[in-house]
Amino acid sequence: MAAPIRRLKDPGDAEAISALLAPSGAAWADAGETGEYVAQVIARVREGGSAAVLHYARELDGADAEGLEDLRAPPELLRQAWDALDGAAREALSLAQRRIQAYHEHQVQADWSYQDDIGFRLGQRLTPLSRIGLYIPGGRAAYPSTLLMNAVPARIAGVGEIVAISPAASADGIAPAVLAAAHLAGVGCIYALGGAHGIALLAHGAESFEPVEKIVGPGNRFVTAAKRQLYGAVGIDSLAGPSEVAVIADAGTPPRWAALDLCAQAEHDPDARAVLFCDSGAHLDRIEAALLAEMDQLPRRSIISASLRDHGALIQVERLTDAVEWCNRMAPEHLQLAVQEPGALAERARCTGAVFLGMHACEALGDYTAGSNHVLPTAGTARFASPLGVGDFRRRTSVIECTPEGAAALAGPTAVLARLEGLEAHARAAESRLNRDE
């Protein structure tokens, strides 16, 4: 059988490694025909409201609906989906929710203020968003975990209304596991909608549907393009690209563990990216052999094969610290330091959405039950972006209050700076506070 994944070596293949790991940003989703098509969908929904949404729901999703409410899952259906899960699934989802709750409660910040010595009180007030939209992916798989990862921190933040949309998994509607997670998380409003038309509905609303203030949750290129084009009309969390992992392994990493970690990432999507670095060519041979053995046993082997063939690599480096520097350039969504002593490497790792320390901390745990959020920056945006969290569902408002003496103390310097920038009205507005009789 042919090798399931390319082999590269640093420094000899540095140019090829650089090309493979280059951050793609989110432009991939909004280019060419995709961007043009999404713009047309958004315009049609903006102008046509629910009629346009229903047109696309029938055409693309196969929906049989006369109105938007026909696409909404009744609350009793959510409860039934929860009750229909077997005990192990209910217990696992409940465990995940508790751990996600505990993790995100540590992110909660309080309002604060301080008084300075010239009469100013400065501070910050935090207020929750009133209405948000969750996009829960569908299609190739059902993602109840993504509903929890989005809804739980939103609830902790104090969001008033949460509306979810998710593509119908079949003619019967949204995947039952997603409905069950919605029940568990207290999300009672979920519509069988996907794609750009669903995002446009969340952003612009319709006759009987109020627009949301922010849209969160990952999706395919049409969803991402719609979020990109609608940003400004509505807030967004990020522009999610295909999922990705970089694994750094040493000679002590069990080959099967490393192989399965690569397969776990690759099975998301043919465009997913999974790369592994090791300082031992002989150990890479063992990992490659384990890949061959494991892939053949997995249900989604065709997706895994395409992903690893087109976007994956086993990369031999001279030193593991070199691998960390490559990863800092890649800025991967997930970074696994599957080595015996991860501490020193972790200190060098600057750009990643989530870092997993030690060979037992596999990325799959982060996806489901560790408690940290699995909605992470992708496509190299971990250079400047962060995981989804409680702060994404709150507004930060600066608070400025001052005494007359405080205003007088700063009026002169303010006027100097305003005139330095050529803004005379600013200067005079500040100086006017020196004379209470005006």
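Just above sits the structure.
So, how was this worked out
- Residues numbered from 1 in each chain as written.
- Predicted model: local features only at pLDDT ≥ 70, side-chain atom pairs only at ≥ 80, totals over all residues.
- Heavy atoms only, no water.
- Buried < 20%, exposed > 50% of the residue type's maximum accessible area, 1.4 Å probe, protein only.
- Helix = DSSP H or I, 4+ residues; strand = E, 2+ residues; numbered from the N terminus.
- Pairing = 2+ DSSP bridges.
- Right-handed = clockwise from strand over helix to strand, strands pointing away.
- Phe/Tyr/Trp six-rings, centres within 6.5 Å; stacked < 30°, edge-to-face > 60°.
- Lys NZ or Arg CZ within 6 Å of the ring centre and 35° of its normal.
- Core = buried A, V, L, I, M, F, W, Y, C linked by side-chain atoms within 4.5 Å.
- Contact = heavy atoms within 4.5 Å.
- Axes fitted to C-alpha atoms, helices over the stretch in contact; angles between N-to-C directions.
- Parallel < 35°, antiparallel > 145°, perpendicular 65-115°, else oblique.
- Left-handed = near helix turned anticlockwise from the far one by under 90°.
- Nonpolar A, V, L, I, M, F, W, Y, C, P; charged D, E, K, R; others polar.

A separate point is the pairing of strand E5 (residues 161-166). In terms of burial, E5 is largely enclosed, as five of its six residues are buried. Here five bridges tie strand E4 (residues 131-135) to E5, and the two strands are oriented parallel to one another. What sits directly across from Ile132, in E5, is Ile162. As judged from the four bridges shared by E5 and strand E6 (residues 189-192), these two strands associate in the parallel manner. Looking at the pairing, Ile165 lines up with Tyr191 of E6. Note on the crossover from E5 through helix H7 (residues 176-185) to E6: the handedness is right-handed.

Inspection of the entire model under this criterion finds three aromatic pairs. The lysine or arginine in question, Arg131, covers the ring of Phe209, its NZ or CZ lying 5.0 Å from the ring centre.

Moving on: the nonpolar core. Counting 41 residues, the largest nonpolar core has Ile132, Leu134, Leu147, Leu148, Val187, Ile190 and Phe393 as its most contacted members. Within the residue set of this core, elements represented by two or more residues are helix H4 (75-84), helix H5 (87-105), E4, helix H6 (144-157), E5, H7 and E6. Those residues within four positions of Leu148 in sequence are excluded, and the remaining contacts are Leu93, Ala96, Gln97, Ile100, Pro153, Ala181, Leu184 and Ala185. By size, the runner-up hydrophobic cluster in this structure holds 34 residues, among which are Val53, Ile165, Phe209 and Val234.

We now examine the sheet that holds strand E1 (residues 6-9). Across the sheet, six strands lie side by side as E1-E11-E10-E9-E12-E13; this open sheet has parallel pairing. The sheet terminates laterally at E1 and strand E13 (354-357), the two strands that pair on one side only. Mean inter-strand twist for the sheet, computed between neighbouring axes without regard to direction, equals 15 degrees. Looking at chain direction, E1 and strand E11 (residues 313-316) are connected through four bridges and run parallel. Following the sheet pairing, Arg6 is matched in E11 by Ala313. Against the sheet, helix H1 (residues 14-21) touches E1, strand E10 (273-278) and E11, its axis set at about 120 degrees to E1. Docked against the sheet, helix H13 (residues 320-330) engages strand E9 (244-249), E10 and strand E12 (334-338), running at close to 170 degrees with respect to E9.

What follows is about the side chain of Glu294. Within the secondary structure, Glu294 sits in helix H11 (residues 281-295). Taking relative accessible area as the criterion, Glu294 reaches 9% and is therefore assigned buried. Residues in contact with Glu294, not counting those within four places in the same chain, are Arg256, Ala259 and Leu260.

We now examine the packing of helix H8 (residues 195-204) against helix H9 (residues 221-230). Any two packed helices are characterised by the angle at which their axes cross and by the distance between the axes. Where H8 meets H9, the closest approach of the two axes is 7 Å, and the angle between their N-to-C directions is 30 degrees. One way to sum up the angle between H8 and H9 is to call them roughly parallel. H9 is crossed by H8, and the crossing has right-handed handedness. Listed contacts from H9 to Gly195, Ala196, Ile199, Ala200, Ala203 and His204 of H8 are Phe222, Val223, Ala226, Lys227 and Leu230. Each residue belonging to the contact of H8 with H9 can be placed in one class, and the counts come to eight nonpolar, two polar and one charged.

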